[in-house]
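The lines below spell out each chain.
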Amino acid sequence: DTGVSQDPRHKITKRGQNVTFRCDPISEHNRLYWYRQTLGQGPEFLTYFQNEAQLEKSRLLSDRFSAERPKGSFSTLEIQRTEQGDSAMYLCASSSDSKETQYFGPGTRLLVL
Amino acid sequence: QKEVEQDPGPLSVPEGAIVSLNCTYSNSAFQYFMWYRQYSRKGPELLMYTYSSGNKEDGRFTAQVDKSSKYISLFIRDSQPSDSATYLCAMSAGAWEYSSASKIIFGSGTRLSIRP
């Protein structure tokens, strides 16, 4: 399978705990994006990497959120001190430099109790 | 006002009908237009991708973009029960610079149900 993969697919945690999600983009794609999707809404942009550099962050990304892409391949998204409002689907997408089309992974569904 | 407006539905049509899905937008800088299909509890799957105005056809799917009216449409011919999903319109202004993000702005999605 050469698509975008995400792990875990589901995560249930208690309020105040830290969680980390992983995204493996399509192997030849330089650009990697994180989005958040809540029920009944379209995905909303969170942050963007060009290779290993994090070049843009949305105002939605509070200081409890941090994302990395240390070797320009996979990326991690960490949420510290989770809150119930963080419950959502977290989607990763990737694209190549030469094309605007972004391909999405299956998402990680987070539930904060 | 949202940058991209999409009727959430739900929309229910009989099998074989022609389906019309639409979005309007306010940002004249948008030049890349997409339609994604999303099944329940899955990630969005790219269906159609169009640059600037015009029509694009792919099998039973036709995408139309009218930039003068800031209006895009997706038509599905000979609809099948397997087409039942949420359809998300999406658009971006593109990456003006090498380092800028080509952020996609999504509509809220239209839930479509095809009745056998």
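Rules used throughout
- Residues numbered from 1 in each chain as written.
- Chains lettered and ligands numbered in written order.
- Predicted model: local features only at pLDDT ≥ 70, side-chain atom pairs only at ≥ 80, totals over all residues.
- Heavy atoms only, no water.
- Contact = heavy atoms within 4.5 Å.
- Buried area = accessible area lost by both parts, 1.4 Å probe.
- Salt bridge = Lys/Arg side-chain N within 4 Å of Asp/Glu carboxyl O.
- Polar contact = N/O pair within 3.5 Å; in protein donor to acceptor, adjacent residues only side chain to side chain.
- Pairing = 2+ DSSP bridges.
- Helix = DSSP H or I, 4+ residues; strand = E, 2+ residues; numbered from the N terminus.
- Axes fitted to C-alpha atoms, helices over the stretch in contact; angles between N-to-C directions.
- Disulfide = S-S within 2.5 Å.
- Buried < 20%, exposed > 50% of the residue type's maximum accessible area, 1.4 Å probe, protein only.

A. How the structure looks around the interface of chain A and chain B. Taken residue by residue, the interface counts 26 residues in chain A and 24 residues in chain B. For the pair chain A and chain B, the two sides together bury roughly 2000 Å², of which 53% comes from carbon and sulfur. Applying the counting criterion to the chain A and chain B interface returns zero salt bridges. Inspection of the chain A/chain B interface yields five residue pairs in polar contact (both at pLDDT 80 or more).

B. The sheet that holds strand 8 (residues 75–79) of chain A, seen in detail. Residue and element names in this part refer to chain A. Pairing within the open sheet is antiparallel, and its four strands lie in the order 1-3-8-7. In the strand order of this sheet, the two ends are held by strand 1 (5–7) and strand 7 (65–68), each with one partner. Neighbouring strand axes in the sheet, compared pairwise and without regard to direction, differ in orientation by 15° on average. The sheet contact formed by strand 3 (residues 19–24) and strand 8 spans five bridges and is antiparallel. Across the sheet, Thr-20 pairs through a bridge with Glu-78, a residue of strand 8.

C. A look at the state of the cysteines. Tallying each qualifying case throughout the model produces two disulfides over all chains. Through a disulfide, A:Cys23 is tied to A:Cys92; the S-S separation comes to 1.8 Å. Note on the A:Cys23 and A:Cys92 pair: the S-S dihedral is about -65°, so by sign convention the disulfide is left-handed. Highlighted residues: A:Cys23 in strand 3 and A:Cys92 in strand 9 (residues 88–95), separated in sequence by 69 residues. Here A:Cys23 and A:Cys92 have matching classes, each one buried. Here B:Cys23 is linked by a disulfide to B:Cys89, with a sulfur-sulfur distance of 2.0 Å. Here the S-S torsion is close to -100°, and the disulfide linking B:Cys23 with B:Cys89 is therefore left-handed. Here B:Cys89 lies in strand 9 (residues 85–92) and B:Cys23 lies in strand 3 (residues 19–25), a separation of 66 residues in the sequence.

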